[in-house]
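If you want the building blocks of each chain, they are given just below.
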Amino acid sequence: MLEPTIYELSSPGRVGVEFPAPDVPRAPLPEELERQDLPLPELSELDVVRHFTHISNLNYSIDFGFYPLGSCTMKYNPKVNEAAARLPGFAHTHPLQPIETVQGNLALMFELQEWLKEISGMAAVTLQPAAGAQGEYVGVLIMRAYHVSRGDRKRTKMLIPDSAHGTNPASSAMSGFEVVPVPTDNRGNVDLEALKSLCDDTIVGLMLTNPNTLGLFDENVLEVTRIVHEAGGLVYGDGANLNALLGIGRPGDMGFDILHFNLHKTFSTPHGGGGPGSGPVGVAAHLADFLPEPVVGIVEEGTEEIPPLYGFIRPIKSIGRIKSFHGHFGMAVRAYTYISMYGREGLRSIAEHAVLNANYLLARLRDHYPVPYDRICMHEFVLEGHLPGTEVHALDISKRLMDYNFHPPTNYFPLVVREALMIEPTETESKQTLDAFADAMIKIAEEAKTQPELLRSAPHNKPVSRLDEVKAAKELVLCCWLPEDVKA
Ligand SMILES: *Cc1c(COP(=O)(O)O)cnc(C)c1O
């Protein structure tokens, strides 16, 4: 059943607000701005409040319930982050203000850059990229600029493990490189023999996610980065899974040359519909000169009495500007708040609890679902959603979970697992929530054997049932509320 739109609820003549009569002379509008046919809905304030409150209740969100979406780190967004981001000094500044008037904001950006450097072991950081995917694109452009700066122009191939997120091959292909897949071995690591055979003087480098999207730490990561470096390639780290390493291991110490951070994953800023993302990029010392401009730096050293003057700096071989202004500043404030609330010891406990929670869930589900790469996992793990002897698929299990009021895990990714169900509980969930989720998953595994139809026709208690997801993505209708004559 479709919910009525606010246009269908409209009642001619009803108003929500009455403006006082103007006490200044009416100023004529330019003619081209005047419209007689603006079809706005007519409702009372209460109509509007009830409509939007009602439809907001149809949403599933991290503030409503458990969200085990693997690879996405859907952790709780602490409300103190929002309070900090709304402080007038942060929220009401303009990116074109003279730097002398925004020293507090620049100090925050500078310090966040420093913290991300320390957390990751990288030498320099830009906060500009809008999300992880744009960070990858920046990283690949830096790899290209680095090779070209050395007169090394025959490198055209980017090696990418077959378990990688789709944005890795996309970023490489967008930069004009040929994508060469690297197989995964039977323990879920990069296949070293295959990697060696692919490494020669035509590789740009390797894009590696560690822990990878199977939730497994690559046991040979030092060997992997050494092999790539020996062939003259660079190693890009997809940092989407950094939540598992915080305070424990640093990609910079493992041989990564470039790394993106997803502030909206590891550092608890809102995802997607909740706000823009943010994908800072860190690089090792030999790549610092290639960072996009500008980075925040100290333009005038301070003294004991006078603080330093912060400003914007252009790295000398910069790949140029990648984003308007200075990145998503509000996200930097939230991440800064989050890191300062936790502190050094706290950050490490985030990773420890994320890994503990994932292993606890895996231990509870292991006997009920096939586990293709069954070893101690990091912050997430992957099950097979196809139960032996049943006709039930991963999608059916996910739809049935919705009947139990859980958001489904990530489905059909990574591609190296048939019928993948990728589960990431995160550190913010209690044992009670994990147990309730495990109980539902175990019940569903039983139902798959005894009442498969119940799964295949799920969900049963939601406002809409199975949607045509392909049609919804390919034939977007963004203005179905417009009256027919306006639509035409
Ligand atoms: C989320 C994710 C990305 C892309 O990051 P966005 O911030 O969504 O653009 C890349 N790789 C992996 C492994 C991810 O989980």
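Calculation notes
- Residues numbered from 1 in each chain as written.
- Predicted model: local features only at pLDDT ≥ 70, side-chain atom pairs only at ≥ 80, totals over all residues.
- Heavy atoms only, no water.
- Helix = DSSP H or I, 4+ residues; strand = E, 2+ residues; numbered from the N terminus.
- Rg over C-alpha atoms; globule rule 2.2 N^0.38 Å.
- Buried < 20%, exposed > 50% of the residue type's maximum accessible area, 1.4 Å probe, protein only.
- Contact = heavy atoms within 4.5 Å.
- Areas by Shrake-Rupley, 256 points an atom, 1.4 Å probe, with all protein chains shown as cover.
- Lys, Arg positive; Asp, Glu negative; His and termini not counted.
- Charge placed at Lys NZ, Arg CZ, Asp CG, Glu CD.
- Pairing = 2+ DSSP bridges.
- Domains from an automatic or database assignment.
- Near = heavy atom within 4 Å.
- Polar contact = N/O pair within 3.5 Å; in protein donor to acceptor, adjacent residues only side chain to side chain.
- Nonpolar A, V, L, I, M, F, W, Y, C, P; charged D, E, K, R; others polar.
- Salt bridge = Lys/Arg side-chain N within 4 Å of Asp/Glu carboxyl O.
- Core = buried A, V, L, I, M, F, W, Y, C linked by side-chain atoms within 4.5 Å.
- Axes fitted to C-alpha atoms, helices over the stretch in contact; angles between N-to-C directions.

Peer 1: Requested: an account of the overall build of the protein, with residues and values cited.
Peer 2: Along the backbone of the protein there are 14 helices and twelve strands. Taken against the 2.2 N^0.38 rule, which gives 23 Å for 488 residues, the C-alpha radius of gyration of the protein at 26 Å falls within 12% of a compact globule. Across the 488 residues of the protein, 48% fall into the buried class. Pairs at least 24 apart in sequence give 71% of the contacts found in the protein among residues at least 6 apart. With the model as given, the accessible surface of the protein reaches about 23,900 Å², and the carbon-plus-sulfur share is 57%. The protein carries 41 positive and 62 negative side-chain charges, and their two centres are separated by 3 Å.

Peer 1: Explain the pairing of strand β12 (residues 420–423) residue by residue, including any values.
Peer 2: Note on strand geometry: in a regular strand, side chains alternate between the two faces of the sheet. Side chains Ala420 and Met422 of β12 all project onto a buried face; the interleaved residues Leu421 and Ile423 project onto the opposite face, where all are buried too. Two elements, strand β10 (residues 381–384) and β12, share four bridges in a ladder whose sense is antiparallel. The partner of Leu383 across the bridge, within β12, is Leu421.

Peer 1: Give me the lowdown on the domain arrangement of the protein, citing residues and values where you can.
Peer 2: Per the domain assignment, the segments making up the protein are domain 1 (1–58), domain 2 (79–340) and domain 3 (349–473). Relative placement of domain 1 and domain 3: their C-alpha centres are 43 Å apart.

Peer 1: Pulling in residues and values, what's your account of the site of the ligand?
Peer 2: Taken together, the neighbourhood of the ligand is formed by Ser71, Ala131, Gly132, Ala133, Glu136, His165, Thr167, Asp238, Ala240, Asn262, His264 and Lys265. A distance of 2.6 Å is found between an oxygen atom of the ligand and a side-chain nitrogen or oxygen belonging to Ser71. Contact distances for the ligand include 2.6 Å between an oxygen atom and a side-chain N or O atom of His264. In isolation the ligand has 380 Å² of accessible area, and contact with the protein removes 87% of it. The dominant element in the shell around the ligand, judged by the number of residues it contributes, is helix α5 (residues 132–149), at three residues. In terms of residue class, the shell around the ligand is made up of three nonpolar, six polar and three charged.

Peer 1: Now, about the pattern of salt bridges: what can you tell me, with residues and values included?
Peer 2: By the definition in use, this model includes 30 salt bridges. With a closest N to O distance of 2.7 Å, Glu219 and Arg187 form a salt bridge. You can see Glu219 sitting in the loop between β4 (203–209) and α8 (221–230) and its partner Arg187 sitting in the loop between β3 (178–182) and α7 (192–198), a full 32 residues away along the chain. Taking the relative accessible area as the measure of exposure, Glu219 reaches 41% and is therefore partly exposed. Note that Glu219 is salt-bridged to Arg375, the shortest N-O span being 3.7 Å. Here the residue Glu219 occupies a position in the loop between β4 and α8, and Arg375 occupies one in the loop between α9 (329–365) and β10, the gap between them amounting to 156 residues.

Peer 1: Can you lay out the nonpolar core for me, pointing to particular residues and giving the numbers?
Peer 2: Counting residues in hydrophobic clusters, the biggest one holds 54 residues, and the most contacted among them are Leu116, Leu195, Leu206 and Phe267. Every element with two or more residues in this core is listed here: α2 (79–85), α4 (103–120), β3, α7, β4, α8 and α9. Looking at this core, the element that brings in the most residues is α9, giving eleven residues. For this core, the two domains that each supply at least three residues are domain 2 (79–340) and domain 3 (349–473). Residues contacting Leu206, with those up to four places away along its chain left out, are Met143, Met158, Leu159, Ile160, Pro161, Val182, Leu195, Val224, Val228, Leu234, Val235 and Tyr236.

Peer 1: How would you explain the sheet that holds β12 if you had to name every residue and give the values?
Peer 2: One open sheet holds the three strands; their spatial order is β10-β12-β11, and the pairing between them is antiparallel. Two strands bound the open sheet, and with one partner strand each, they are β10 and β11 (410–411). Contacts between α9 and the sheet are confined to β10 and β12, with β10 contributing the most and set at about 20° to the helix. Here helix α10 (residues 394–403) sits on the sheet in contact with β11 and β12, set at roughly 45° to β12.

Peer 1: I'd like a description of the side chain of Ser278, backed by residues and values.
Peer 2: Summarising the element assignment, Ser278 is placed in the loop between β6 (258–260) and β7 (281–283). Once residues lying within four places of it in the same chain are set aside, the contact partners of Ser278 are Leu127, Pro129, Ala130, Ala131, Phe261, Asn262, Leu263, His264 and Met331.

Peer 1: So what's going on with the sheet that holds β3? Which residues, and what values?
Peer 2: Taken in spatial order, the seven strands line up as β1-β7-β6-β5-β4-β2-β3 in an open sheet, and their pairing is mixed. This sheet does not close on itself; its edge strands, each paired only once, are β1 (124–126) and β3. Each neighbouring strand pair of the sheet contributes to a mean axis angle of 20°, computed without reference to strand direction. Looking at chain direction, strand β2 (residues 157–161) and β3 are connected through five bridges and run parallel. Bridge pairing links Leu159 to Val180 in β3. Contacts from helix α6 (residues 167–174) reach β2, β3, β4 and β5 (234–238), with the element oriented near 175° to β2.

Peer 1: Give a description of unusual backbone geometry that names residues and reports values.
Peer 2: A cis geometry characterises the amide bond from Asn210 onward to Pro211, with omega recorded as -5°. Take Pro211: it is sitting in the loop between β4 and α8. For the peptide bond that leads from Ala458 to Pro459, omega is 0°, which places it in the cis range. Among the structural elements, Pro459 can be located in the loop between α12 (452–456) and α13 (469–474).

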